[in-house]
Amino acid sequence: MTEIYKALSIAGTDPTGGAGIHADLKAFQEQGVYGMAVITSVVAQNTLGVKSFEEMSQNNISQQIDCVIEDIKPDAVKTGMLASIDIIELVAEKLKAANIQSYVMDPVMVAKSGHHLLYQDAIDHLKKLLIPQATVITPNIPEAEVIIGKSIETLQQMRDAAKEIVQVYGAKAAIVKGGHRDGEARDVLYFDENFEEFVSPRFDTKHTHGTGCTFSAVITAELAKQKSIKEAVTVGKEFISAAIKHTLGIGKGQGPTNHFAYRSMNQQIARQPL
Ligand SMILES: Nc1ncnc2c1ncn2[C@@H]1O[C@H](COP(=O)(O)OP(=O)(O)O)[C@@H](O)[C@H]1O
Ligand SMILES: Cc1ncc(COP(=O)(O)OP(=O)(O)O)c(N)n1
(Lines give C-alpha, C1' and ligand atoms only; values in the text may rest on other atoms or scores of the structure.)
(Ligands and ions follow the chains in the order given, each with its own letter.)
Protein backbone atom coordinates (compact mmCIF):
# COMPACT_ATOMS: atom_id res chain seq x y z
CA MET A 1 0.00 0.00 0.00
CA THR A 2 1.25 3.52 -0.80
CA GLU A 3 2.40 5.36 2.29
CA ILE A 4 0.42 8.55 3.00
CA TYR A 5 2.69 11.32 4.25
CA LYS A 6 1.07 14.09 6.27
CA ALA A 7 2.09 17.68 6.95
CA LEU A 8 0.58 20.32 9.22
CA SER A 9 0.84 24.09 8.91
CA ILE A 10 0.19 26.27 11.95
CA ALA A 11 -0.16 29.79 10.54
CA GLY A 12 -2.37 32.70 9.55
CA THR A 13 -4.67 33.04 6.53
CA ASP A 14 -4.66 34.87 3.20
CA PRO A 15 -8.11 34.98 1.55
CA THR A 16 -6.48 35.63 -1.84
CA GLY A 17 -4.55 32.39 -1.52
CA GLY A 18 -0.99 33.61 -2.10
CA ALA A 19 0.52 33.36 1.39
CA GLY A 20 -0.07 31.77 4.79
CA ILE A 21 -2.12 28.62 5.31
CA HIS A 22 -3.60 28.75 1.80
CA ALA A 23 -0.20 28.77 0.08
CA ASP A 24 1.03 26.04 2.44
CA LEU A 25 -1.85 23.67 1.69
CA LYS A 26 -1.42 24.13 -2.06
CA ALA A 27 2.30 23.42 -1.80
CA PHE A 28 1.69 20.29 0.31
CA GLN A 29 -0.83 19.06 -2.24
CA GLU A 30 1.47 19.74 -5.20
CA GLN A 31 4.19 17.71 -3.49
CA GLY A 32 1.87 14.75 -2.92
CA VAL A 33 1.54 15.19 0.83
CA TYR A 34 -1.74 15.18 2.78
CA GLY A 35 -2.11 18.73 4.13
CA MET A 36 -3.62 19.86 7.43
CA ALA A 37 -3.94 23.36 8.90
CA VAL A 38 -4.34 25.06 12.27
CA ILE A 39 -5.30 28.72 11.97
CA THR A 40 -3.67 31.14 14.40
CA SER A 41 -4.98 34.40 12.93
CA VAL A 42 -7.50 35.40 10.32
CA VAL A 43 -5.84 38.03 8.17
CA ALA A 44 -7.66 40.46 5.86
CA GLN A 45 -5.05 40.79 3.11
CA ASN A 46 -4.60 40.65 -0.64
CA THR A 47 -1.85 41.33 -3.16
CA LEU A 48 -2.02 45.04 -2.28
CA GLY A 49 -1.34 44.56 1.43
CA VAL A 50 -2.68 43.65 4.86
CA LYS A 51 -5.75 45.51 6.15
CA SER A 52 -6.03 43.93 9.61
CA PHE A 53 -5.87 40.63 11.48
CA GLU A 54 -7.59 38.94 14.39
CA GLU A 55 -6.01 36.18 16.42
CA MET A 56 -7.98 33.05 17.27
CA SER A 57 -8.46 32.43 21.01
CA GLN A 58 -5.92 30.38 22.95
CA ASN A 59 -8.55 27.80 23.72
CA ASN A 60 -9.53 27.43 20.08
CA ILE A 61 -5.94 27.11 18.81
CA SER A 62 -5.20 24.60 21.54
CA GLN A 63 -8.22 22.50 20.54
CA GLN A 64 -7.38 22.76 16.81
CA ILE A 65 -3.89 21.39 17.48
CA ASP A 66 -5.25 18.63 19.73
CA CYS A 67 -7.79 17.64 17.08
CA VAL A 68 -5.00 17.09 14.57
CA ILE A 69 -2.45 15.41 16.83
CA GLU A 70 -4.97 13.05 18.50
CA ASP A 71 -6.30 11.91 15.16
CA ILE A 72 -3.82 12.19 12.27
CA LYS A 73 -0.29 12.69 13.55
CA PRO A 74 1.75 14.73 11.04
CA ASP A 75 5.13 13.55 9.79
CA ALA A 76 6.23 17.18 9.65
CA VAL A 77 4.94 20.50 10.96
CA LYS A 78 5.63 24.04 9.86
CA THR A 79 4.82 27.27 11.67
CA GLY A 80 4.28 30.60 9.95
CA MET A 81 2.47 33.61 11.37
CA LEU A 82 2.11 33.19 15.13
CA ALA A 83 1.40 36.85 16.00
CA SER A 84 1.65 36.94 19.82
CA ILE A 85 3.52 35.71 22.89
CA ASP A 86 0.50 33.68 24.01
CA ILE A 87 0.28 31.82 20.69
CA ILE A 88 4.03 31.16 20.62
CA GLU A 89 3.95 29.75 24.16
CA LEU A 90 1.01 27.51 23.32
CA VAL A 91 2.48 26.22 20.05
CA ALA A 92 5.89 25.61 21.64
CA GLU A 93 4.29 23.55 24.40
CA LYS A 94 2.15 21.54 21.96
CA LEU A 95 5.06 20.84 19.59
CA LYS A 96 7.21 19.59 22.46
CA ALA A 97 4.45 17.34 23.77
CA ALA A 98 3.69 15.93 20.31
CA ASN A 99 7.32 14.94 19.72
CA ILE A 100 7.14 15.84 16.02
CA GLN A 101 9.81 14.28 13.81
CA SER A 102 10.47 17.35 11.61
CA TYR A 103 9.59 20.95 12.44
CA VAL A 104 10.14 23.76 9.92
CA MET A 105 9.99 27.24 11.42
CA ASP A 106 9.28 30.16 9.07
CA PRO A 107 9.84 33.06 11.50
CA VAL A 108 7.22 35.32 9.90
CA MET A 109 7.56 38.88 11.21
CA VAL A 110 6.60 41.45 8.56
CA ALA A 111 4.73 41.01 5.24
CA LYS A 112 6.40 42.41 2.10
CA SER A 113 3.77 45.17 2.16
CA GLY A 114 5.34 46.31 5.46
CA HIS A 115 2.55 45.20 7.81
CA HIS A 116 3.72 43.57 11.07
CA LEU A 117 2.39 40.01 11.51
CA LEU A 118 4.24 39.44 14.81
CA TYR A 119 4.03 41.79 17.80
CA GLN A 120 7.45 43.25 18.61
CA ASP A 121 7.36 41.96 22.20
CA ALA A 122 7.04 38.37 20.94
CA ILE A 123 10.45 38.16 19.25
CA ASP A 124 12.31 36.93 22.34
CA HIS A 125 9.74 34.18 22.83
CA LEU A 126 10.15 33.07 19.22
CA LYS A 127 13.90 32.87 19.81
CA LYS A 128 13.78 31.11 23.18
CA LEU A 129 10.86 28.73 22.77
CA LEU A 130 10.72 27.80 19.09
CA ILE A 131 14.15 28.11 17.46
CA PRO A 132 15.66 25.39 19.70
CA GLN A 133 12.92 22.99 18.54
CA ALA A 134 13.37 23.72 14.82
CA THR A 135 14.71 21.06 12.44
CA VAL A 136 15.07 23.86 9.89
CA ILE A 137 14.47 27.59 10.30
CA THR A 138 13.97 29.68 7.12
CA PRO A 139 14.48 33.40 7.88
CA ASN A 140 14.71 36.02 5.14
CA ILE A 141 17.47 38.59 5.66
CA PRO A 142 15.43 41.09 7.76
CA GLU A 143 14.22 38.22 9.99
CA ALA A 144 17.76 36.84 10.39
CA GLU A 145 18.93 40.35 11.33
CA VAL A 146 16.29 40.57 14.05
CA ILE A 147 17.20 37.12 15.40
CA ILE A 148 20.95 37.76 15.67
CA GLY A 149 20.72 41.53 16.28
CA LYS A 150 23.24 42.37 13.54
CA SER A 151 22.89 43.75 10.03
CA ILE A 152 23.43 41.40 7.08
CA GLU A 153 24.69 42.84 3.81
CA THR A 154 27.28 40.46 2.40
CA LEU A 155 27.21 36.76 1.52
CA GLN A 156 29.71 36.12 4.29
CA GLN A 157 27.34 37.80 6.77
CA MET A 158 24.53 35.51 5.54
CA ARG A 159 26.78 32.51 6.22
CA ASP A 160 27.75 33.84 9.66
CA ALA A 161 24.06 34.41 10.48
CA ALA A 162 23.02 30.87 9.46
CA LYS A 163 25.83 29.40 11.58
CA GLU A 164 25.00 31.61 14.58
CA ILE A 165 21.30 30.67 14.44
CA VAL A 166 22.32 27.01 14.70
CA GLN A 167 25.20 27.31 17.16
CA VAL A 168 23.86 30.02 19.47
CA TYR A 169 20.07 29.81 19.13
CA GLY A 170 19.80 26.03 18.79
CA ALA A 171 18.10 25.22 15.47
CA LYS A 172 19.32 22.00 13.88
CA ALA A 173 19.68 23.72 10.48
CA ALA A 174 19.21 27.30 9.27
CA ILE A 175 18.66 28.59 5.75
CA VAL A 176 19.06 32.34 5.32
CA LYS A 177 17.17 33.34 2.15
CA GLY A 178 18.61 35.87 -0.24
CA GLY A 179 15.35 37.10 -1.74
CA HIS A 180 15.83 40.58 -0.27
CA ARG A 181 19.26 41.18 -1.83
CA ASP A 182 20.15 42.32 -5.36
CA GLY A 183 21.55 40.02 -8.02
CA GLU A 184 21.16 36.23 -8.11
CA ALA A 185 18.79 34.67 -5.55
CA ARG A 186 21.28 32.81 -3.35
CA ASP A 187 20.18 31.11 -0.12
CA VAL A 188 22.65 29.80 2.47
CA LEU A 189 22.05 26.62 4.49
CA TYR A 190 24.11 25.76 7.57
CA PHE A 191 23.67 22.23 8.85
CA ASP A 192 25.90 19.62 10.46
CA GLU A 193 28.84 22.04 10.53
CA ASN A 194 28.64 22.53 6.74
CA PHE A 195 27.42 25.25 4.39
CA GLU A 196 25.40 24.57 1.24
CA GLU A 197 24.24 27.27 -1.16
CA PHE A 198 21.15 27.19 -3.36
CA VAL A 199 21.12 29.62 -6.26
CA SER A 200 18.75 30.70 -9.01
CA PRO A 201 18.71 33.71 -11.33
CA ARG A 202 16.73 36.64 -9.94
CA PHE A 203 13.49 36.86 -11.91
CA ASP A 204 12.38 40.39 -12.67
CA THR A 205 8.82 40.30 -11.37
CA LYS A 206 6.72 42.01 -8.73
CA HIS A 207 4.74 38.79 -8.19
CA THR A 208 6.52 37.42 -5.11
CA HIS A 209 3.70 37.42 -2.57
CA GLY A 210 4.06 34.38 -0.34
CA THR A 211 7.47 33.21 -1.60
CA GLY A 212 8.72 32.50 1.93
CA CYS A 213 5.55 30.62 2.92
CA THR A 214 5.65 28.46 -0.20
CA PHE A 215 9.38 27.71 0.06
CA SER A 216 9.11 26.59 3.70
CA ALA A 217 5.94 24.57 2.98
CA VAL A 218 7.68 22.59 0.22
CA ILE A 219 10.61 21.90 2.56
CA THR A 220 8.08 20.67 5.15
CA ALA A 221 6.39 18.40 2.59
CA GLU A 222 9.72 16.90 1.54
CA LEU A 223 10.77 16.30 5.15
CA ALA A 224 7.39 14.63 5.74
CA LYS A 225 8.33 12.31 2.85
CA GLN A 226 11.47 11.40 4.84
CA LYS A 227 13.85 13.31 2.56
CA SER A 228 17.09 14.67 4.04
CA ILE A 229 17.38 18.36 4.90
CA LYS A 230 19.61 18.97 1.86
CA GLU A 231 17.21 17.14 -0.48
CA ALA A 232 14.21 19.00 0.98
CA VAL A 233 15.84 22.42 0.51
CA THR A 234 16.92 21.48 -3.03
CA VAL A 235 13.32 20.70 -3.98
CA GLY A 236 12.07 23.79 -2.12
CA LYS A 237 14.42 25.98 -4.15
CA GLU A 238 13.48 24.34 -7.47
CA PHE A 239 9.78 24.70 -6.65
CA ILE A 240 9.93 28.36 -5.63
CA SER A 241 12.18 29.30 -8.56
CA ALA A 242 9.71 27.77 -11.04
CA ALA A 243 6.78 29.37 -9.18
CA ILE A 244 8.36 32.84 -9.43
CA LYS A 245 9.67 32.43 -12.99
CA HIS A 246 6.36 31.25 -14.48
CA THR A 247 4.31 33.98 -12.87
CA LEU A 248 0.52 33.81 -13.05
CA GLY A 249 0.32 37.57 -13.40
CA ILE A 250 -2.84 37.88 -11.30
CA GLY A 251 -3.71 40.45 -8.64
CA LYS A 252 -3.53 44.24 -8.65
CA GLY A 253 -0.38 44.38 -6.54
CA GLN A 254 2.38 41.89 -5.70
CA GLY A 255 0.70 38.79 -7.07
CA PRO A 256 0.96 35.19 -5.87
CA THR A 257 3.50 32.69 -7.20
CA ASN A 258 2.56 29.84 -9.55
CA HIS A 259 2.17 26.67 -7.48
CA PHE A 260 1.44 24.63 -10.62
CA ALA A 261 4.72 25.40 -12.34
CA TYR A 262 7.07 22.89 -10.67
CA ARG A 263 4.88 19.83 -11.22
CA SER A 264 3.87 20.96 -14.71
CA MET A 265 7.52 21.27 -15.66
CA ASN A 266 8.40 17.87 -14.21
CA GLN A 267 5.45 16.12 -15.79
CA GLN A 268 5.64 18.02 -19.09
CA ILE A 269 1.90 18.65 -18.77
CA ALA A 270 0.54 22.07 -19.58
CA ARG A 271 -1.84 22.19 -16.60
CA GLN A 272 -1.38 25.96 -16.60
CA PRO A 273 0.42 28.16 -19.11
CA LEU A 274 4.12 28.20 -18.28
N1 LIG B 1 12.84 37.72 -7.68
C2 LIG B 1 13.25 36.50 -7.30
N3 LIG B 1 13.80 35.66 -8.21
C4 LIG B 1 14.21 34.43 -7.85
N5 LIG B 1 14.11 33.94 -6.61
C6 LIG B 1 13.58 34.74 -5.65
C7 LIG B 1 13.12 36.06 -5.94
N8 LIG B 1 12.62 36.59 -4.80
C9 LIG B 1 12.75 35.65 -3.84
N10 LIG B 1 13.35 34.54 -4.33
C11 LIG B 1 13.60 33.28 -3.62
O12 LIG B 1 12.37 32.94 -2.97
C13 LIG B 1 12.63 32.29 -1.73
C14 LIG B 1 11.94 33.06 -0.61
O15 LIG B 1 12.78 34.14 -0.29
P16 LIG B 1 12.31 35.55 0.27
O17 LIG B 1 11.50 36.24 -0.78
O18 LIG B 1 13.56 36.23 0.74
O19 LIG B 1 11.38 35.14 1.47
P20 LIG B 1 10.24 35.95 2.24
O21 LIG B 1 8.97 35.79 1.43
O22 LIG B 1 10.19 35.25 3.55
O23 LIG B 1 10.67 37.38 2.33
C24 LIG B 1 14.15 32.20 -1.63
O25 LIG B 1 14.60 30.98 -2.18
C26 LIG B 1 14.61 33.37 -2.49
O27 LIG B 1 15.95 33.24 -2.94
C1 LIG C 1 -0.84 34.82 6.96
C2 LIG C 1 0.46 35.26 6.38
N3 LIG C 1 1.57 34.62 6.75
C4 LIG C 1 2.77 35.01 6.24
C5 LIG C 1 2.83 36.05 5.35
C6 LIG C 1 4.13 36.50 4.81
O7 LIG C 1 4.40 35.71 3.75
P8 LIG C 1 5.73 35.72 2.91
O9 LIG C 1 5.90 34.39 2.32
O10 LIG C 1 6.85 36.27 3.70
O11 LIG C 1 5.36 36.70 1.75
P12 LIG C 1 4.89 38.20 1.75
O13 LIG C 1 3.48 38.29 2.17
O14 LIG C 1 5.82 38.91 2.63
O15 LIG C 1 5.02 38.52 0.30
C16 LIG C 1 1.65 36.68 4.97
N17 LIG C 1 1.62 37.69 4.09
N18 LIG C 1 0.46 36.26 5.52
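Residues numbered from 1 in each chain as written. Chains lettered and ligands numbered in written order. Predicted model: local features only at pLDDT ≥ 70, side-chain atom pairs only at ≥ 80, totals over all residues. Heavy atoms only, no water.

Helix and strand counts for the protein stand at 9 helices and 9 strands. Taken against the 2.2 N^0.38 rule, which gives 19 Å for 274 residues, the C-alpha radius of gyration of the protein at 17 Å falls within 12% of a compact globule. Dimensions along the principal axes, computed over C-alpha positions, put the protein at roughly 45 × 45 × 45 Å. A burial count over the protein gives 53% of its 274 residues as buried. Sequence separation of 24 or more characterises 67% of the internal contacts of the protein that already satisfy a separation of 6 or more. (Helix = DSSP H or I, 4+ residues; strand = E, 2+ residues; numbered from the N terminus. Rg over C-alpha atoms; globule rule 2.2 N^0.38 Å. Buried < 20%, exposed > 50% of the residue type's maximum accessible area, 1.4 Å probe, protein only. Contact = heavy atoms within 4.5 Å.)

With that settled, consider helix α5 (residues 141-148). Taken residue by residue, α5 has Ile141, Glu143, Ala144, Ile147 and Ile148 as its buried positions. For α5, the angular spread of buried residues about the axis comes to 160 degrees, placing them on one side. Tucked inside the fold, the buried residues of α5 contact α4 (123-130), β6 (136-137), α6 (155-167) and β7 (173-176). Of the residues that open α5, the one with a side-chain oxygen 2.9 Å from the backbone nitrogen of Glu143 is Asn140. After α5 finishes, the residue Gly149 shows a positive phi value of roughly 70 degrees. (Arc of directions from axis to C-beta. Polar contact = N/O pair within 3.5 Å; in protein donor to acceptor, adjacent residues only side chain to side chain.)

Time to look at the site of ligand 2. The local shell around ligand 2 holds 16 residues, among which Gln45, Lys112, Gly210, Gly212 and Cys213 are the closest. Residue His209 places a side-chain N or O atom 3.2 Å away from an oxygen atom belonging to ligand 2. Notes on ligand 2: free accessible area 420 Å², of which the protein chains cover 96%. Broken down by element, the shell around ligand 2 gets its largest block of residues, 3 residues, from helix α7 (residues 211-224). Its residues assigned to classes, the shell around ligand 2 comprises 6 nonpolar, 9 polar and 1 charged. (Near = heavy atom within 4 Å. Areas by Shrake-Rupley, 256 points an atom, 1.4 Å probe, with all protein chains shown as cover. Nonpolar A, V, L, I, M, F, W, Y, C, P; charged D, E, K, R; others polar.)

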